[in-house]
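Fold and contact review
Residues per chain, in single letters:
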Amino acid sequence: MSGRATLSFTVNGKRRRVSVPPMKRLLDVLREECRLPGTKEGCGEGECGACTVLIDGRTVNSCLVPAVQADGATILTVEGLARGPKLTALQQAFVEMGGAQCGICTPGILLSAHELLRRKRGKVPSDPEVREALAGNLCRCTGYQKIVDAVRAAAKSKR
Amino acid sequence: MRAALSTLDVARPRDLADALKMMRAAERPTPIAGATDLLVYLNAGTHSGRQFVDLWGLRELSGIRAGREGVRLGALATFSEIREHPVLRRRLPALVAAAAEVGGRQIQNRATVGGNIANASPAGDSLPALMALDAVVHLRSQRGARSLPFAELYRGYRDLAIEPDELITGVEIPYPPRGTVQFFRKVGTRRAQSISKVVMAGVLGLDRKRRVSHVRLAWGSVAPVTLRSTHAEEALQGATPSPEAASRAREALASDISPIDDIRSDRDYRTTVAGNVLLQFLRAADPRFART
């Protein structure tokens with residue numbers, strides 16, 4: 001396969017077909033072809049987690065996923081969390097508890113936290129569990145505590 | 001630099017046989033698994049390959065099978081799959097601990113054991129665990145299959161004893177003898193998501209007379225390759241645990257490792273910390289190593 005590859009996948013519940021160079025980063029495919037700029041680029045080398053999205057229910061650094069490997073996948077980006085104007089409990093907790101400041105890490109952190117809450121199946125994660133789950137997401141504003149508090153508050157509100 | 005990604009060719013094999021055929025191409029294609037290292041190199045312009053073979057999703061290379069004598073990890077087994085596997089958690093805790101400290105969750109969901117081996121970084125976190133656990137690496141090419149003890153895999157810095165047309169298909173790990181203690185310790189700048197300054201995996205067992213009868217000490221980030229500290233192991237083999245035996249092992253360790261000064265740490269720090277990590281392991285394995 002050279003030049004362009006025709007790939008199809010589901011993003012936020014919608015089927016998409018794109019024709020892109022196979023090694024194009026999934027991050028760029030989401031932002032450019034899919035017009036979903038909620039996913040941010042931070043470091044571009046898998047350290048900061050700003051570009052985190054879910055593929056088949058698991059978090060990935062979309063800056064490190066070649067587009068070709070997303071063929072057939074089910075992808076969730078930050079745009080797919082809220083239903084219209086209605087925020088999820090997690091997003092609402094971030095708003096209310098100061099879990100977001102400058103905001104560039106927030107989409108990735110929401111998705112890592114989303115994966116954690118799904119993995120916990122209704123149980124409230126401990127503070128260290130939240131920190132471990134978010135270890136691949138860097139935030140330079142909050143000092144993390146408000147993020148941890150927001151994730152735990154969202155887990156409690158869902159019970 | 002990123003524009004260059006648009007010019008790369010990716011072949012997509014249907015199955016392993018197809019992939020092995022593609023690996024014979026004259027251009028010596030680079031196999032891709034989770035791509036967590038490869039895309040970093042490509043973005044930085046430090047990987048010169050133009051041809052790739054995408055292995056992701058090949059069923060023959062996926063999955064973890066736990067048997068009576070040991071486990072077989074498919075080359076594409078991810079670190080998430082390893083850390084979540086119930087049998088591995090019980091029988092190979094050193095490997096599970098290593099898997100849980102490779103990058104963050106996002107990396108663990110994509111990075112594979114075969115990729116960690118093939119990338120051949122001296123700082124690869126799973127590598128000391130595989131080495132301490134006497135892993136055997138399975139290789140395949142169109143010419144046939146062979147297996148290689150992990151200890152014979154690295155000939156030098158990022159120099160693998162694997163032919164260009166061979167693929168890593170899996171890793172076999174025997175369960176360590178009953179009663180042995182496993183240990184894993186990674187020392188980095190922060191607890192998560194850091195590249196190791198020193199990384200170590202150990203296995204230690206005692207005989208009926210409570211002398212050391214089985215010992216493996218494997219290290220990363222302290223030499224050009226992942227290695228076992230054979231002199232330190234010899235100092236412990238057959239010894240009755242005592243603070244003196246621990247000191248002798250620590251002294252011997254200094255002759256096994258050859259850490260360097262680099263951006264992450266320096267030689268003196270790594271030597272001191274490696275010694276401390278060894279003592280921590282020994283004391284955890286048997287309190288007599290600590291008693292004075």
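Keep in mind that what you see is a predicted model, and the values were worked out from it rather than measured. (Residues numbered from 1 in each chain as written. Chains lettered and ligands numbered in written order. Predicted model: local features only at pLDDT ≥ 70, side-chain atom pairs only at ≥ 80, totals over all residues. Heavy atoms only, no water.)

In this section: the overall build of chain A. From N to C terminus, chain A includes five helices and five strands. Secondary structure elements in chain A, listed N-terminal to C-terminal, are β-β-α-β-β-β-α-α-α-α. A compact globule built from 159 residues would reach a C-alpha radius of gyration of about 15 Å, and chain A, at 16 Å, matches this within 12%. Burial analysis of chain A (159 residues in total) assigns 53% to the buried set. When contacts within chain A are restricted to residue pairs at least 6 apart in sequence, long-range pairs at least 24 apart make up 55% of them. Of the roughly 7,100 Å² of accessible surface on chain A, 49% is carried by carbon and sulfur atoms. Computed over 25 positive and 15 negative side-chain charges, the separation of the two mean positions in chain A equals 7 Å. (Helix = DSSP H or I, 4+ residues; strand = E, 2+ residues; numbered from the N terminus. Rg over C-alpha atoms; globule rule 2.2 N^0.38 Å. Buried < 20%, exposed > 50% of the residue type's maximum accessible area, 1.4 Å probe, protein only. Contact = heavy atoms within 4.5 Å. Areas by Shrake-Rupley, 256 points an atom, 1.4 Å probe, with all protein chains shown as cover. Lys, Arg positive; Asp, Glu negative; His and termini not counted. Charge placed at Lys NZ, Arg CZ, Asp CG, Glu CD.)

Residues and elements named next belong to chain B. You will see that Asp134, though not glycine, has its phi angle at about 60°, which is positive. Located in the positive-phi region is Ser221, a residue other than glycine, with phi close to 65°. Positionally, Ser221 belongs in the loop between strand E13 (212–220) and strand E14 (227–228).

Quick look at the side chain of Thr52(A) now. For Thr52(A), the location among the structural elements is in strand E3 (residues 52–55). Reaching out from Thr52(A), the side chain makes a polar contact with the side chain of Asn137(A) at a distance of 3.5 Å. A polar contact is formed between the side chain of Thr52(A) and the side chain of Gln106(B), at a distance of 2.8 Å. Residues contacting Thr52(A), with those up to four places away along its chain left out, are Thr59(A), Val60(A), Asn61(A), Gly108(A), Leu111(A), Ser112(A), Asn137(A) and Gln106(B). (Polar contact = N/O pair within 3.5 Å; in protein donor to acceptor, adjacent residues only side chain to side chain.)

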